[in-house]
Amino acid sequence: MPNSNTKHFKALIREKLSDKKLRNIVKKATSHSISKRIETINNYIPEWEQLRDRANFIRSKTMQNWEFYFEQLLKKFRENGIEFFYANNSSDACSIVKTLLFSFGVKKVVKSKSMVTEEIGLNEYLERNGFEVTETDLGEYIIQLANEKPSHITAPALHKSRQEIGELFSEKFNIDYTDAPEKLTEFARLILRQKFLNADAGISGANFLVAETGTIIIVENEGNARLSITLPKLHIVITSIEKIVPTLSDALMLLKLLPVSSTGQKITSYVSFIKKPLQSIGSENSQKIVVIILDNGRSKLLKNDKSRSILYCIKCGACMNNCPIYQSVGGHAYGSVYPGPIGSILTPWINTLNESKDLAYGSTLCGACSQVCPVKIDIHNQLLGIRKLSIENKYSPLIERVIFKLWLLSMKNFKLFTLLSKFLNFLSPLFQESGLKIPFWSKYKYFPAPAEISFHSWWQKEVKIKERINNV
Ligand code: SF4
């Protein structure tokens, strides 16, 4: 049940590039996050680079010894009275949730922001099965009202202007138009408060799962996650295998990096540490907590020495904020649940490489993503790795493969190289002053005309002249 459609990446890039309004909105929002992040680091965290090194070490150690920490986590969950499921793929995860909701007689569900539930297409699945599902993070709520997908992993409605949100609220709730953020927020809060009170179950993601204590950590800014996980009798956590951290102090260390990288905040407004189900005073029945950990292709990455670092990601969104491609086209162009640089290297593993291969070409390889990544993932090298895999699997266009094959042969064979150079020279009348015009390709670049004399012939001529001079 993949919730990505990355096949049309190239076409969507063209479409989004011509949307000037969208480009302005995305540029403004990402620029704000970039400057806030830099300001916080410069003013408050002089040890930033050391923290990044430490975070990289923690993530690398965890992923290399994942099975050990996973077993430790399960033991703690059992001791703490938390039920647990491992879901191999999206459809497994969705059916586990459905079975749980039916067995608890749930009709209404409130959700706090979770990219993993986007990945498995949970909302659509539950609605098809008759459940009422309400997103309670304001950005996610806006996206749900607009019947769209998030365009950023931490700011789902980043692509929308406040005027568009004002129009949306006015249309959906039949209220007077306003684009004042505080009025819109107040209105949403009134509606959502009732949803929390009436919900039978709350579904959340998790930022970290602490192996030594079995603690589930959730960071947020609106308090909606805390209401979603404490008011209903059933709390379902849906998260993915890479969220495990060995110790509480490791988690606290990573918490120093996550909000700064994400929004430029030193710490988010709410950080919830959940260890055991809540016990109501004077009641026999305690709350029930169930954790579902999703694999969806990630265990292949655990075994892959070259690409395992993709799993170090703590989903801060800094790589997309700083990516010149994301800034120009926004998140929807990617067609994947996870957009931007991290999406381009993760999606081919959780989707199929053939379908998602183009994403890795949507990069200038400038390395800005790797420079800001708080856990030091070598993102630009991973992008090259996906390109390499795609070529090895013969997923690149035939014409491209033929050209590169010829180029490789000519580089290895001097006679062939000379012959091809001469052939290109023979074709030079076809070249105009600005280069050869090739349909489609020449819209953005040109094929430069070959030099009148090749470097090799020039060199030979020079050597002969020098020899003659020396012999005089
Ligand atoms: S790859 Fe790095 S910068 Fe990008 S979302 Fe993950 S942790 Fe953040």
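From a predicted model like this one, the values you see are computed outputs, not experimental measurements.

Visitor: What's the story with the site of the ligand in this structure? I'm lost.
Guide: Neighbouring the ligand are Cys313, Ile314, Lys315, Cys316, Gly317, Cys319, Ile342, Cys373, Pro374, Val375, Ile377 and Ile379. Each residue belonging to the shell around the ligand can be placed in one class, and the counts come to ten nonpolar, one polar and one charged.

Visitor: Sorry, what's going on with unusual backbone geometry here?
Guide: It is generally the case that most residues other than glycine have a negative phi and that most peptide bonds are trans. Phi is positive for Asn296, close to 50 degrees, though the residue is something other than glycine. A relative accessible area of 11% means that Asn296 is categorised as buried. Its identity as a non-glycine residue notwithstanding, Lys394 has a phi of 60 degrees, on the positive side. Counting through the fold element by element, Lys394 comes out in the loop between α19 (379-392) and α20 (398-412). By relative accessible area, Lys394 is classed as exposed at 57%.

Visitor: Looking at this model, I keep getting lost on the packing of helix α2 (residues 20-44) against helix α12 (residues 248-263). Mind explaining?
Guide: The description of two packed helices rests on the angle between their axes and on the distance between the axes. Contact geometry for α2 and α12: axes closest at 6 Å, N-to-C directions at 140 degrees. As the angle between them shows, α2 and α12 are arranged oblique. For the pair formed by α2 and α12, the contact residues are Ser33, Lys36, Arg37, Thr40 and Ile41 on the first element and Val260, Ser261, Ser262 and Thr263 on the second. Here the contact of α2 with α12 is composed, by residue class, of two nonpolar, five polar and two charged.

Visitor: Would you explain the sheet that holds strand β8 (residues 244-245) in this entry?
Guide: Strand pairing within a sheet occurs via backbone hydrogen bonds; the two strands may be parallel or antiparallel. Across the sheet, which stays open at both edges, the four strands sit in the order β8-β5-β6-β9 with mixed pairing between neighbours. With one partner strand each, in any of the chains shown, β8 and β9 (270-274) form the two edges of the open sheet. Two elements, strand β5 (residues 208-210) and β8, share two bridges in a ladder whose sense is parallel. Bridge pairing in β8 links Leu209 to Ile244.

Visitor: For this particular structure, what's the right way to read a nonpolar patch on the surface?
Guide: A cluster of nonpolar side chains, contributed by Phe404, Trp407, Leu408, Met411, Phe414 and Phe417, occupies part of the molecular surface with about 640 Å² of accessible area. For the nonpolar patch, the secondary structure elements donating two or more residues are α20 and α21 (414-426). Summarising the element assignment, Phe404 is placed in helix α20. On the basis of relative accessibility, which here comes to 52%, the residue Phe404 falls in the exposed class.

Visitor: Whenever I open this one, the pattern of salt bridges confuses me. Can you help?
Guide: Side-chain pairs of opposite charge can arise where the charged atoms are in close proximity. Throughout the structure, instances matching the rule amount to 17 salt bridges. We note a salt bridge from Asp250 to Arg54, for which the minimum N-O separation is 4.0 Å. In this pair, Asp250 sits in helix α12 while Arg54 sits in helix α3 (residues 48-64), placing the two residues 196 residues apart along the sequence. For Asp250, a relative accessible area of 5% translates into the label buried. Relative accessible area serves as the criterion here: at 38%, Arg54 is assigned to the partly exposed category. Each of Glu119, Glu242, Arg298 and Lys315 takes part in one network of salt bridges that share partners.

Visitor: Teacher, can you tell me more about the nonpolar core here?
Guide: Burial of nonpolar side chains together is a common tendency in soluble globular proteins. By size, the foremost hydrophobic cluster in this structure holds 107 residues, and its most contacted members are Val97, Leu101, Leu126, Ile216, Ile236, Ile238 and Ile292. Sorting elements by how many residues they give to this core places α12 first, with seven residues. Not counting chain neighbours up to four residues away, the residues in contact with Leu126 comprise Val97, Leu101, Phe131, Val133 and Ile203. If you look at the next biggest cluster of nonpolar residues, it comprises 15 residues, including Val110, Ala157, Leu168 and Leu184.

Visitor: Is there a simple way to think about the domain arrangement of the protein chain in this case?
Guide: Interface size is commonly expressed as the accessible surface area that is lost when the partners come together. Domain boundaries assigned for the protein chain yield domain 1 (48-302) and domain 2 (431-472). Placing the centre of domain 1 and that of domain 2 at their C-alpha centroids yields a distance of 60 Å.

Basis of the calculations
Residues numbered from 1 in each chain as written. Predicted model: local features only at pLDDT ≥ 70, side-chain atom pairs only at ≥ 80, totals over all residues. Heavy atoms only, no water. Near = heavy atom within 4 Å. Nonpolar A, V, L, I, M, F, W, Y, C, P; charged D, E, K, R; others polar. Buried < 20%, exposed > 50% of the residue type's maximum accessible area, 1.4 Å probe, protein only. Helix = DSSP H or I, 4+ residues; strand = E, 2+ residues; numbered from the N terminus. Axes fitted to C-alpha atoms, helices over the stretch in contact; angles between N-to-C directions. Parallel < 35°, antiparallel > 145°, perpendicular 65-115°, else oblique. Contact = heavy atoms within 4.5 Å. Pairing = 2+ DSSP bridges. Patch = residues over 30% accessible without salt bridge, like charges linked within 9 Å, V, L, I, M, F, W, Y side chains within 5 Å. Areas by Shrake-Rupley, 256 points an atom, 1.4 Å probe, with all protein chains shown as cover. Salt bridge = Lys/Arg side-chain N within 4 Å of Asp/Glu carboxyl O. Core = buried A, V, L, I, M, F, W, Y, C linked by side-chain atoms within 4.5 Å. Domains from an automatic or database assignment.

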